[in-house]
Amino acid sequence: EDQVTQSPEALRLQEGESSSLNCSYTVSGLRGLFWYRQDPGKGPEFLFTLYSAGEEKEKERLKATLTKKESFLHITAPKPEDSATYLCAARNGGSQGNLIFGKGTKLSVKP
Amino acid sequence: DTAVSQTPKYLVTQMGNDKSIKCEQNLGHDTMYWYKQDSKKFLKIMFSYNNKELIINETVPNRFSPKSPDKAHLNLHINSLELGDSAVYFCASSQDLIPRGTQYFGPGTRLTVL
């Protein structure tokens, strides 16, 4: 069964304290690994898509990387406005390419 | 300009009632989706529509029926509401169904069934 697992469930950082979020996936025929940010009471906001192992993408303080079994979202020198839940989703290789979401990592950055 | 909008934002109703949630996208996308986010925060796909044709139905009870009057709208009708239907429902859209379709989400509709 296709599955996406994110860890940790919650992460508290001090402003400026860099860290990484993990997304492990078991998906048949991966057709893309997606990262989203979700703020309370809002819909997920697209951040990155990664397609092949070794690929990296960056946006401001965020960098996403991909291996054959997992993806990492690295946060460098985070700010309080980076506080949100970060969702990882994998698209499987079925004919319709379902997006399978993880439960998310709730990040809190304290000033 | 809101790219993907949903109404209502909150919906409180009694068991057994029938209700609808509306979704509109102004991105010119070909595919629209409905997701359910339960109390455990998992987002699970319910339906997708591509050019007004149902593409995915992930074992959702037939009390749920998506209806798309045109490419920019995908409404969700729910009959005989049950307590377990309480969740946040998200509409989303993408240009392509596969393989590189990035999905853009609406703000969600929080449904509470009493």
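What counts, and where the lines are drawn
- Residues numbered from 1 in each chain as written.
- Chains lettered and ligands numbered in written order.
- Predicted model: local features only at pLDDT ≥ 70, side-chain atom pairs only at ≥ 80, totals over all residues.
- Heavy atoms only, no water.
- Pairing = 2+ DSSP bridges.
- Helix = DSSP H or I, 4+ residues; strand = E, 2+ residues; numbered from the N terminus.
- Axes fitted to C-alpha atoms, helices over the stretch in contact; angles between N-to-C directions.
- Salt bridge = Lys/Arg side-chain N within 4 Å of Asp/Glu carboxyl O.
- Buried < 20%, exposed > 50% of the residue type's maximum accessible area, 1.4 Å probe, protein only.
- Contact = heavy atoms within 4.5 Å.

The next point concerns the sheet that holds strand 1 (residues 4-7) of chain B. Residues and elements named next belong to chain B. On the basis of which strands lie adjacent, the open sheet formed by four strands has the order 1-3-8-7 and antiparallel pairing. This sheet does not close on itself; its edge strands, each paired only once, are strand 1 and strand 7 (64-70). Within the sheet, the average angular offset between the axes of one strand and its neighbour, ignoring direction, is 20 degrees. Two strands pair when backbone bridges link them, and strand 1 and strand 3 (residues 19-25) are joined in this way by four bridges, in the antiparallel orientation. Within strand 3, the residue paired with V4 across the bridge is Q25.

With that settled, the discussion passes to the pattern of salt bridges. For side chains bearing opposite charge, pairing can occur when the charged atoms are close. Residue and element names in this part refer to chain B. Evaluation of the coordinates by the stated rule reveals seven salt bridges over all chains. The partner of R63 in a salt bridge is D85, and the shortest N-O contact between them spans 2.8 Å. In this pair, R63 is assigned in the loop between strand 6 (53-57) and strand 7 and D85 in the loop between strand 8 (73-78) and strand 9 (87-94), connecting sequence segments 22 residues apart. According to the relative accessible area criterion, R63 is buried, its value standing at 13%. Residue classification places D85 among the buried residues on the basis of a relative accessible area of 3%. One connected set of salt bridges, linked through shared partners, spans R63, E82 and D85.

Moving on to the side chain of D82 of chain A. Within the element layout of this structure, D82 of chain A appears in the loop between strand 8 (70-75) and strand 9 (84-91). If near-sequence neighbours (up to four positions away) are discounted, D82 of chain A is found in contact with R37, R61, L107 and V109 of chain A.

The next subject is the sheet that holds strand 7 (residues 62-66) of chain A. Residues and elements named next belong to chain A. In spatial order, the strands read 1-3-8-7-6; together these five strands make up an open sheet with antiparallel pairing. Either end of the sheet is taken by a strand with one partner, and the two such strands are strand 1 (3-7) and strand 6 (56-59). The sheet shows a mean angle of 15 degrees between the axes of neighbouring strands, taken without regard to direction. Of the strand pairs in this sheet, strand 7 and strand 8 are connected by five bridges, and their pairing is antiparallel. Bridged to K63 within strand 8 is H74.

Residue and element names in this part refer to chain B. Note on placement: A87 falls in strand 9. Taking relative accessible area as the criterion, A87 reaches 8% and is therefore assigned buried. A87 sits 46 residues away from K41 along the chain, and the two C-alpha atoms are 9.2 Å apart. Residue contacts for A87: discarding those within four places in its chain leaves K36, Q37, D38, T109, R110 and L111.

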